[in-house]
Amino acid sequence: YFRAEDFRTMNVPFMLANLGYSSAAAILAGFVTAWIGGYRELRHASALGFLMIVMSFVSMRIRGEHQPGWYEVVIGGVGPIAAMLGAAIRMLAKGKSAS
């Protein structure tokens, strides 16, 4: 049986899995944001990326958990980069369907 403490520990496999699904979710969010944004895809995706940075910072400060420095930097930086990647994928997909 699992205890509640087992889910609060931040071990390396959990952190890597969190980075993986956070990246996938950010790519999807960037794609959808660019799709909704119409012809200003990168502007909307960059606003989403800025919001991700702010929310990551707020989340790290509120939780107050001690996590490795590399994890906090990467989790805060992977979202905006992945969102821009999602917007770029949307722009490429839009370009191919328009021709």
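We now turn to the structure provided with this report.

1. A closer look at the pattern of salt bridges
Going through the model one piece at a time under the given rule, you end up with one salt bridge. Residue E41 pairs with K94 through a salt bridge whose shortest N-O separation is 2.6 Å. In this pair, E41 sits in helix α3 (residues 41-63) while K94 sits in helix α4 (residues 69-98), placing the two residues 53 residues apart along the sequence. Overall, the relative accessible area of 29% leaves K94 in the partly exposed class.

2. Some points on the side chain of E41
According to the relative accessible area criterion, E41 is buried, its value standing at 5%. Contacts of E41, omitting those with residues within four sequence positions, involve A34, A87, M91 and K94.

Definitions and cut-offs
- Residues numbered from 1 in each chain as written.
- Predicted model: local features only at pLDDT ≥ 70, side-chain atom pairs only at ≥ 80, totals over all residues.
- Heavy atoms only, no water.
- Salt bridge = Lys/Arg side-chain N within 4 Å of Asp/Glu carboxyl O.
- Helix = DSSP H or I, 4+ residues; strand = E, 2+ residues; numbered from the N terminus.
- Buried < 20%, exposed > 50% of the residue type's maximum accessible area, 1.4 Å probe, protein only.
- Contact = heavy atoms within 4.5 Å.

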